[in-house]
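Per-entry structural report
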Protein chains: 2
Amino acid sequence: MAKVSDSFVSNSKVYLEILKQLREMITDDGLKQGDKIPSERELSERLNVGRSSVREALRALELLGLIETRRGEGTYLRDFRGNQLVQLLSTFILQDEKAKLDVFETKNFIEMDGLRLALKRMDRLNIAAVKDWVTESEGFQDDEFFYQIFEAADNHLFFKIWEILKDYYHSLSSSPVEYKREDYLYLLDAMADKDEMKVFLAYGQLRKLSSV
Amino acid sequence: MAKVSDSFVSNSKVYLEILKQLREMITDDGLKQGDKIPSERELSERLNVGRSSVREALRALELLGLIETRRGEGTYLRDFRGNQLVQLLSTFILQDEKAKLDVFETKNFIEMDGLRLALKRMDRLNIAAVKDWVTESEGFQDDEFFYQIFEAADNHLFFKIWEILKDYYHSLSSSPVEYKREDYLYLLDAMADKDEMKVFLAYGQLRKLSSV
DNA sequence: AGACATGTGTGGTCTGACCACCAATGTTAA
DNA sequence: TTAACATTGGTGGTCAGACCACACATGTCT
């Protein structure tokens, strides 16, 4: 049998070839998220490469969030959607100093986008449900509110981006904000009216922005 | 000296800890792109971990395009600018349709946000300059246009997010779009008029959206 | 001065050996 | 029978050591 290493005399990098093989394996066998992939030892044997090379490939995939390894069990394909992408941004690219202001601004814009999408996709029932929740819930949190907004927005990627920004924002700003229930209720009313302008006025008040 | 492995009895995953150490090392020593990082053997020794674990961490970073390894020479920091990542993800993700839609939608919203910011921060001179460029430039590209928009928007984070999404989008969709100069010029006119509504109508036409 | 040989350090890879953990199976005791 | 326990095999996690291929600096010879 041809060794993997034979096929790339010039390329070198066994682990890259392993990635390629893995892709093929996944598509050929029709593996989906949650499915188990062969063990490291089996891959090592089937591809005629060392186990350490297999591991290098798998570790890289793991860092990308494409697979999940469970010691004693095996390695499984993960939910691919919207993944890491942004998370990696935050850890490596966001180190910028001046970025703090950007984070604040970006978060606000993203939240408004979320509101736009939610506005399009929520019906009166949904809005009423959220409204009830805002009214009744004990430990009301701003984050919780936007979690629901982004859930309604039905865009996983947007949600991920917002989540990262939120976390990052919290780690930057230590000022505990006061939440006024009526602001959120007013915003929800505006959404129920499908009045985008009014929604953003409400949001601006919520965030105490002079102008959006 | 404390072994790396001591500090995460519960976490496990040596290679993740190594990544953390590397980040610290990079910031503490003020390493920039192009700089050389310690050899695998030295890292292995300094952190009291096996060389294979070090390699797993480095391979992951390499796949992300954050470092570059040259056999016989060493390992060097690379330009952090995202991508790479995008290509990889796309080759693994081609399955999920919903994810594609999310990318498409998110990109559009981010671009509109960019336009909003640019609208606030560009003066007539800036707009005129871009307009000239659109009119005169030979190889006019949609990407180039938005590069300028985001530059004017003056939000580095937003720009980064957009850049990733753009690459990601390109890797998903193979349809080469036609660019009509007049659409961009019309959009710029709308910006000069400070007419946000008109700007988004123009953008919608640009992207051939039925509704934004 | 130029060409060549050598040594050292680096990444690339493989092998074998443990360990920790999990799940299934078999075994024992109530 | 059934519940609790012990065993066993498979899996990922890690390490140490051994080569190889390669790049660079140094030394050596012509």
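The structure we're discussing is the one just above.
A short tour of the structure in this document, coming up. Model, not experiment: these values are computed from the prediction. (Residues numbered from 1 in each chain as written. Chains lettered and ligands numbered in written order. Predicted model: local features only at pLDDT ≥ 70, side-chain atom pairs only at ≥ 80, totals over all residues. Heavy atoms only, no water.)

**Observations regarding the environment of Gly 204 of chain B**
Residue and element names in this part refer to chain B. What counts, and what does not: Only DSSP runs of H or I with at least four residues qualify as helices, and only runs of E with at least two residues qualify as strands; both kinds are numbered from the N terminus onward. Here's how the labels work: a residue is buried when its accessible area is under 20% of the maximum for its type, exposed when over 50%, partly exposed in between, all with a 1.4 Å probe on protein chains only.
Looking at where Gly 204 falls in the secondary structure, it is placed in helix α10 (residues 196-206). Relative accessible area serves as the criterion here: at 5%, Gly 204 is assigned to the buried category. Between the alpha carbons of Gly 204 and Asn 108 there is a distance of 9.3 Å; along the sequence they are 96 residues apart.

**Observations concerning the pairing of strand β2 (residues 67-70) of chain B**
As a general feature of sheets, a regular strand has side chains that alternate between the two faces. Residues and elements named next belong to chain B. The following threshold applies: A pair of strands is treated as paired once DSSP finds two or more bridges between them.
Bridge analysis of β2 against strand β3 (residues 74-77) gives four bridges, and the strand direction is antiparallel. The partner of Glu 68 across the bridge, within β3, is Tyr 76. The turn linking β2 back onto β3 is made up of three residues, and Gly 72 within it adopts a positive phi angle of 85°.

**Here's the deal with the nonpolar core**
For clarity, the cut-off: Residues belong to a common nonpolar core when they are buried Ala, Val, Leu, Ile, Met, Phe, Trp, Tyr or Cys residues joined through side-chain atoms within 4.5 Å. Contact definition: two residues touch when any of their heavy atoms are within 4.5 Å.
Ranked by size, the top nonpolar core spans 72 residues in total, and within it Phe 145 and Met 191 of chain A together with Phe 145 and Met 191 of chain B carry the most contacts. Contacts of Met 191 of chain B, omitting those with residues within four sequence positions, involve Leu 115, Ala 118, Leu 119, Met 122, Ile 127, Ile 149 and Val 199 of chain B. Formed by 41 residues, the second largest nonpolar core is a distinct cluster that contains Leu 19 of chain A together with Tyr 15, Leu 61 and Leu 66 of chain B.

**Section: the sheet that holds strand β1 (residues 36-37) of chain B**
Residue and element names in this part refer to chain B. Which entries qualify depends on this criterion: Angles run from 0 to 180 degrees between N-to-C directions of axes, and those axes are lines fitted to C-alpha atoms, restricted for helices to the stretch in contact.
With respect to topology, three strands assemble into an open sheet ordered β1-β3-β2, the strand pairing being antiparallel. Edge positions in the sheet fall to β1 and β2, since each has one partner strand and no second. Helix α3 (residues 51-63) contacts β1 and β2 of the sheet and is inclined by roughly 115° relative to β2.

**Here's the deal with the protein's contact with DNA strand C**
Heads up, the condition is: In this text, near means that some heavy atom of the residue lies within 4 Å of the molecule or strand in question. In protein, a polar contact requires one atom able to donate a hydrogen and another able to accept it; more generally it is a pair of N or O atoms within 3.5 Å, and residues adjacent in sequence count only if both atoms are side-chain atoms.
Lining the immediate surroundings of DNA strand C are 25 residues, of which Lys 13, Val 14, Gly 50 and Ser 53 of chain A together with Arg 51 of chain B lie closest. Here the atoms of DNA strand C within 4 Å of the protein split so that 60% fall in sugar or phosphate, with bases taking the remainder. In this structure, a base nitrogen belonging to DNA strand C sits 3.4 Å away from a side-chain N or O atom of Arg 51 of chain A. Note that a phosphate oxygen of DNA strand C is positioned 3.2 Å from one of the side-chain N or O atoms of Arg 59 of chain B.

**Describing the side chain of Arg 59 of chain B**
When you line up the elements, Arg 59 of chain B lands in helix α3. Here Arg 59 of chain B falls in the buried class, since its relative accessible area comes to 2%. Not counting the four nearest positions on each side in its chain, Arg 59 of chain B is found in contact with Tyr 15, Glu 56 and Ala 60 of chain A together with Glu 40 and Thr 69 of chain B.

**Regarding the protein's contact with DNA strand D**
Condition: Charged residues are taken to be Asp, Glu, Lys and Arg, nonpolar residues to be Ala, Val, Leu, Ile, Met, Phe, Trp, Tyr, Cys and Pro, and polar residues to be all remaining types, Gly included.
Surrounding DNA strand D, one finds 25 residues, the nearest of these being Arg 51 of chain A together with Lys 13, Val 14, Gly 50 and Ser 53 of chain B. Counted by atom, the contact set of DNA strand D within 4 Å of the protein is 63% sugar and phosphate. Residue Arg 51 of chain B places a side-chain N or O atom 3.5 Å away from a base nitrogen belonging to DNA strand D. At 2.7 Å from a phosphate oxygen of DNA strand D is found a side-chain nitrogen or oxygen belonging to Ser 53 of chain B. At the level of elements, α2 (40-46), α3 (51-63), β2 (67-70) and β3 (74-77) of chain A together with α3 of chain B are the ones that each hand at least two residues to the surface near DNA strand D. Looking at the surface near DNA strand D, its residues break down into two nonpolar, 10 polar and 13 charged.

Nothing here speaks to function; it is geometry throughout.
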